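Below, each chain spelled out in residue letters.
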Amino acid sequence: MSADAYLNLQKISAGYGRTQVLQDIDLAIGKGEFVALLGASGCGKTTLLRTIAGFALPSAGSVRVGDRDVTRLPPDKRGMAMVFQSYALWPHMTAARNIGYGLRLKGWRREAIATRVAEMEALLGLGGLSGRKPSELSGGQRQRVALGRALAVDPDILLLDEPLSNLDARIRLTVRHEIRALQQRLGITTIHVTHDREEAMVMADRIVILDKGRIAQLGTPEAIYTRPASAFVAAFMGAENVVHLDGACSGHRVDIAPGPLNKAASLTLDRPAPPSGKLEARFRSERLQLRRLAAPSSDTGTAIELIGRVEAVVYPGGEWRHTVRIGESSVLVDGPEALPPDTDVIVRVPTTSLFLFAASAALPIGSPSAADDRSPVRDRLTA
Amino acid sequence: MSAPSASLAPRRDLELSNLIWWLPRAAILGGLAFVIFGPLVNMLIWTVAERWYFPHTLPLDYGFSYWGRVFAPRGNAVQSLVASISIAFFTVAGSLALAIPAGYALARLKLPLRGLILLAFLLPQAFPNLPVYVNIARLFYEIRLNGTVLGVVLVHVTHGLVYAVWIAAAAFSAVDRDLELAARNLGASGLKAFVDVTLPLAAPGLMASAIFVFLESLDEFTGSYFVGAPDVTTLPLLLYSAGSGGNYQIASITALLLLVPSIAFMLVVEKFLRADVLAKVGQ
């Protein structure tokens, strides 16, 4: 892709036996950039990382670092360091020996290794633990040792394979920022594999969303969050409320025909509209307006207004979360005040909160999820 | 009937049912203990018996004069012991030299017919020993390996390979592949990663397989007899000739000598062979 990219993947395909895991992956990563590979389990993100590391050979395509083609090089000749999901610390070596192993391989002198290991331990807050075996360390400490082992060799490229997934939720939040700060300070080109959307958002410069072995979208966290390129990406980035509408589109303009479940609307999008016909409208539960059906509306036409009935209301903290039934499906809507169940309501989705896509035949009509963490798209992927 | 006797009768019933319950158990346990320890005790008595013949239940005289004869320069025992132990060590070295690469390949590579390959190592023990070893002896005779230590070691290696390869494959499977990849990733060549990471982690399993092979070699009789005798005399061969000559004292003392390394190593095996390695044997 771009000429000044440091790590270049071109047309990478890979698979085990007959199952194709990756197809035609093109990716260019700049020097010092932090890129997150985000996707559900089974989307091929770990396979892609292992292909970059040299643990698996791609069936087609090439991996280039700088102006070097490393596609066929063994892992030890690539100048990359990986932090494994399981940490893969050597149980028969102490923390210090684990961290110093890469330096020993480089033929460093004993004192130089000791200095460097002490440096890494200070950097990662592992003081006083250097004599312990991995089995005597906590999960968070092991994770730091694994990171220290990878950073000690001063790698050209750092590969992170879900290194936070085995940590407590609370530790995970702080470690995210620590790793990001460290990466920026050291300026190491980093590829981070994760299935955690928020983790990818707060850590990465750019996010690559993988779907069934292909890149679904590539962009900054903000771009992917606010301008998802497909219904899949929108769903993955949290826009899991779905309704299906009929629309006539031209240019940036969409005219929604009135129906039993929605009022007529005429929208102007900030990007080209999908082709006319059946539309899939996706939106998050936040930044919506919820009002009683009887209440007067201020202005019409610049937002989609859906007609439904409150089924349930819970308070997860912050705002009240309503489950609103709209025809066959139900959506989640956050609001500042609770409306009791069985209230007839209007859900107003402003253009800025709305993602419109041409309804694909593959997506089941009218079956959005009712919960945040279980999405039909994700379930189908992991099944 | 008075009250006390009424309360006594059920207690007596209880005692009786207890007795019926425990008597067969005690008998079975006692019988089992006798079957296991009887011959051992008999052997131990024979090692210190000077004169013991029918119809006497116990020896008439006790003493250590046969021990002197066994360890006398002409007694052959020390010589056979040295031969046995050196053959066992060579066998271990040969088996491990084959089992480490074979076990690693079986654990790591996606080999077709993996199960069949594992089973193939069982073949030397799947057929009746005698015809196999008679034919090996014939073959070895032609290539002048009969009556040499090398010939006996080769026979023991084929015999011990099934333990060595199976346990080695299990030991290597128990080492997480990512641990190796982590070393490769940091710049270790394949061989370096194997030596620094895989081998030390598989060492307890390999140690256990070495001990199994050692014990098998120490006890092996049929192959040693056809391939080694009379030029190479191992302890089991000495035991056989002493036993068939009616010299139970010499046979028992030799057997006791054989028992010592066996028991010592069994204790070591129990320490080394972790459950997670055992669970992968033959998988």
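Source: prediction; values computed, not measured.

Our focus in this paragraph is the side chain of His156(B). All names here are of chain B. Of note, His156 is situated in helix H7 (residues 149–173). Taking the relative accessible area as the measure of exposure, His156 reaches 3% and is therefore buried. Of note is the side chain of His156, whose polar atom sits 3.3 Å from the side chain of Glu220. Here His156 is in contact with Ile87, Thr91, Ser217, Glu220 and Ser224, once residues within four sequence places are set aside.

Quick look at the domain arrangement of chain B now. Residue and element names in this part refer to chain B. Once the domains are mapped, chain B shows domain 1 (2–47) and domain 2 (76–278). In this structure, domain 1 and domain 2 have C-alpha centres spaced 43 Å apart. Where domain 1 abuts domain 2, roughly 560 Å² becomes buried across the two surfaces, and 83% of that area is made up of carbon and sulfur atoms. Residue classes in the side of domain 1 that touches domain 2 are distributed as four nonpolar, one polar and no charged.

Our focus in this paragraph is the sheet that holds strand S7 (residues 157–161) of chain A. All names here are of chain A. Spatially, six strands are ordered S6-S7-S8-S3-S9-S10 in an open sheet, and the strand pairing comes out mixed. The open sheet is flanked by strand S6 (80–83) and strand S10 (214–219), the only strands paired with a single partner. For this sheet, the mean angle separating the axes of adjacent strands, direction not counted, is 20 degrees. As judged from the four bridges shared by strand S3 (residues 34–38) and strand S9 (residues 206–211), these two strands associate in the parallel manner. Within the sheet, the bridge partner assigned to Leu37 lies in S9 and is Val208. Against the sheet, helix H1 (residues 45–53) engages S3, S6, S7, strand S8 (189–194) and S9, with an angle of about 150 degrees to S7.

Between the first and last C-alpha of helix H6 (residues 129–142) of chain B there are 20 Å, a value that for 14 residues agrees with the 20 Å anticipated at 1.5 Å per step. Where H6(B) is buried, its residues contact H7 and helix H10 (222–228) of chain B.

Attention shifts here to the interface of chain B and chain A. With 18 residues of chain B in contact, the opposing surface of chain A contributes 23 residues. Of the roughly 1700 Å² buried between chain B and chain A, counting both surfaces, carbon and sulfur atoms make up 63%. For the interface between chain B and chain A, the tally reads two salt bridges. For the salt bridge of Asp76(A) with Arg184(B), the shortest nitrogen-to-oxygen distance reads 2.7 Å. At the surface where chain B touches chain A, the tally comes to seven residue pairs in polar contact (both at pLDDT 80 or more). For the side of chain B that touches chain A, the elements supplying multiple residues, two or more each, are helix H8 (177–185) and helix H9 (190–219) of chain B. It is H8(B) that provides the largest number of residues to the side of chain B that touches chain A, a total of seven residues.

One pass over the full model with this rule turns up 25 salt bridges over all chains. For the salt bridge of Asp196(A) with Arg176(A), the shortest nitrogen-to-oxygen distance reads 3.5 Å. With a gap of 20 residues between them, Asp196(A) in the loop between S8 and helix H6 (197–203) and Arg176(A) in helix H5 (residues 169–186) connect regions that are remote in the sequence. Each of the two residues, Asp196(A) as well as Arg176(A), counts as buried. Its salt-bridge partner being Glu180(B), residue Arg108(B) comes within 2.8 Å of it at the nearest N-O pair. Residue Arg108(B) is located in helix H3 (residues 77–108), and its partner Glu180(B) is located in helix H8; the two are separated by 72 residues in the primary sequence. The pair formed by Arg108(B) and Glu180(B) is uniform in burial state, with each residue classed as buried.

Here we come to the nonpolar core. If you look at the biggest cluster of nonpolar residues, it comprises 130 residues, and the most contacted ones within it are Leu7(A), Leu48(A), Trp90(A) and Leu159(A). If you tally residues by element for this core, the top one is H7(B), at 11 residues. Discounting chain neighbours no more than four positions away, the residues touching Leu7(A) are Leu27(A), Ala28(A), Ile29(A), Ile52(A), Val63(A), Arg64(A), Val65(A), Met80(A), Ile157(A) and Ile191(A). One finds Ala265(A), Leu288(A), Val310(A) and Leu356(A) within the second-largest nonpolar core, a separate group that totals 27 residues.

A separate point is the pairing of strand S13 (residues 265–268) of chain A. Residues and elements named next belong to chain A. In S13, alternate side chains face the same way, and those of Ala265 and Leu267 are buried while those of Ser266 and Thr268 on the opposite face are not. Pairing of strand S12 (residues 253–256) with S13, which is carried by four bridges, proceeds in the antiparallel orientation. The residue of S13 that forms the bridge with Val254 is Leu267.

Mean pLDDT over chain A stands at 87; residues scoring 70 or higher make up 92%. Here residues 362–383 of chain A scores under 50 on pLDDT; set against residues more than four positions off or in separate chains, the count is 42 contacts.

So, on to the environment of Ala97(B). As for its placement among the helices and strands, Ala97(B) is situated in helix H3. Remark: the alpha-carbon pair of Ala97(B) and Ala164(B), spanning 67 residues in sequence, is separated by 9.8 Å.

Moving on, we get to the pairing of S10(A). Here five bridges tie S9(A) to S10(A), and the two strands are oriented antiparallel to one another. By the bridge assignment for S10(A), Asp211(A) is matched with Arg214(A).

Structurally, Arg149(A) can be placed in helix H4 (residues 139–152). The side chain of Arg149(A) sits in the buried core without any salt bridge; Asp178(B) is the nearest counter-charge, 8.9 Å away. Discounting chain neighbours no more than four positions away, the residues touching Arg149(A) are Phe84(A), Tyr87(A), Ala88(A), Leu89(A), Trp90(A), Asn98(A), Ile99(A), Ala182(B) and Leu186(B).

Below, the discussion takes up a nonpolar patch on the surface. Residues and elements named next belong to chain B. On the surface, a nonpolar cluster with roughly 550 Å² of combined accessible area is contributed by Leu32, Val35, Ile36, Phe37, Leu40 and Val41. Position of Phe37 among the secondary structure elements: in helix H1 (residues 3–47). Owing to a relative accessible area of 49%, Phe37 belongs among the partly exposed residues under this scheme.

Within the structure shown, the criterion is met by 16 aromatic pairs over all chains. Note on Phe55(A) and Phe84(A): the rings are 5.9 Å apart at their centroids and 15 degrees apart in plane angle, and the pair reads as stacked. Note that Phe55(A) is positioned in the loop between H1 and strand S4 (60–65) and Phe84(A) in the loop between S6 and helix H2 (95–105), a separation of 29 residues in sequence. Assessed through its relative accessible area of 1%, Phe84(A) is described here as buried. When the ring of Phe221(B) is compared with that of Tyr225(B), the centres are 5.5 Å apart and the planes differ by 25 degrees; the resulting orientation is stacked. In this structure an aromatic cluster arises from ring pairing among Phe221(B), Tyr225(B), Phe226(B) and Tyr240(B). Above the ring of Trp90(A), the side-chain terminus of Arg149(A) is found at 4.2 Å from the ring centroid. A cation over an aromatic ring shows up here: Arg284(A) above the ring of Tyr225(A), its NZ or CZ 3.4 Å from the ring centre.

Let us look at the sheet that holds strand S1 (residues 7–16) of chain A. All names here are of chain A. As summarised here, the arrangement of the four strands in space is S2-S1-S4-S5, forming an open sheet in which the pairing is antiparallel. In the strand order of this sheet, the two ends are held by strand S2 (19–29) and strand S5 (68–69), each with one partner. Sheet topology note: the S1/S4 ladder contains five bridges and is antiparallel. Directly across from Ser13, in S4, lies its bridge partner Ala60. Against the sheet, H1 contacts S1 and S2, and its axis sits at roughly 120 degrees relative to S1.

Calculation notes
- Along every chain, residues carry numbers that run from 1 in the direction the sequence is written.
- Chain A is the first chain written and ligand 1 is the first ligand written, with later ones labelled in order.
- Predicted model: local features are reported for residues with pLDDT of at least 70 only, side-chain atom pairs are reported and counted for 80 or more only, and whole-chain, interface and lining totals are derived from all residues.
- Processing note: side-chain calculations cover all non-hydrogen atoms of the structure and skip hydrogens and water entirely.
- A run of H or I in DSSP counts as a helix once it spans at least four residues, and a run of E counts as a strand once it spans at least two, with each numbered from the N terminus.
- Accessibility here uses a 1.4 Å probe with only protein chains present; expressed as a share of the type maximum, an area under 20% marks a residue as buried, one over 50% as exposed, and anything in between as partly exposed.
- Polar contacts, as used here, are pairs of N or O atoms within 3.5 Å; protein pairs need one atom able to donate a hydrogen and one able to accept it. Residues neighboring in sequence count only if both atoms are side-chain atoms.
- For this analysis, residues touch if any pair of their heavy atoms sits within 4.5 Å.
- Domain segmentation is taken from an automatic or database assignment of domains.
- The buried area of a pairing is the accessible area, by a 1.4 Å probe, that goes missing from both parts when the two are put together, added over both.
- Only Asp, Glu, Lys and Arg are considered charged in this grouping, and only Ala, Val, Leu, Ile, Met, Phe, Trp, Tyr, Cys and Pro are considered nonpolar; every other residue, Gly among them, is considered polar.
- In this analysis, strands are considered paired if DSSP registers two or more bridges between them.
- Lines fitted to C-alpha atoms define the axes, with helix axes restricted to the stretch in contact, and inter-axis angles between N-to-C directions lie between 0 and 180 degrees.
- What a helix is expected to span follows from its residue count: subtract one and scale by 1.5 Å.
- A side-chain nitrogen of Lys or Arg and a carboxyl oxygen of Asp or Glu constitute a salt bridge if their distance falls within 4 Å.
- Here, nonpolar core refers to any group of buried Ala, Val, Leu, Ile, Met, Phe, Trp, Tyr and Cys residues whose side-chain atoms link them within 4.5 Å.
- A score between 0 and 100, pLDDT records how confident the predictor is in each residue.
- Note that His is not counted, nor are the chain ends; the positive residues are Lys and Arg, and the negative ones are Asp and Glu.
- Residues qualify for a patch when their relative accessible area is over 30% and they have no salt bridge, like charges being joined within 9 Å and the nonpolar side chains of Val, Leu, Ile, Met, Phe, Trp and Tyr within 5 Å.
- Computed with the Shrake-Rupley method and a 1.4 Å probe, the accessible areas treat only the protein chains shown as cover for residues.
- When the centres of two rings from Phe, Tyr and Trp lie within 6.5 Å, Trp using its six-membered ring, the rings pair. Their planes under 30 degrees apart give stacked, over 60 give edge-to-face, and anything left gives tilted.
- As a reminder, the over-ring test applies to NZ of lysine and CZ of arginine, requiring each to be within 6 Å of the ring centre and within 35 degrees of the ring normal.

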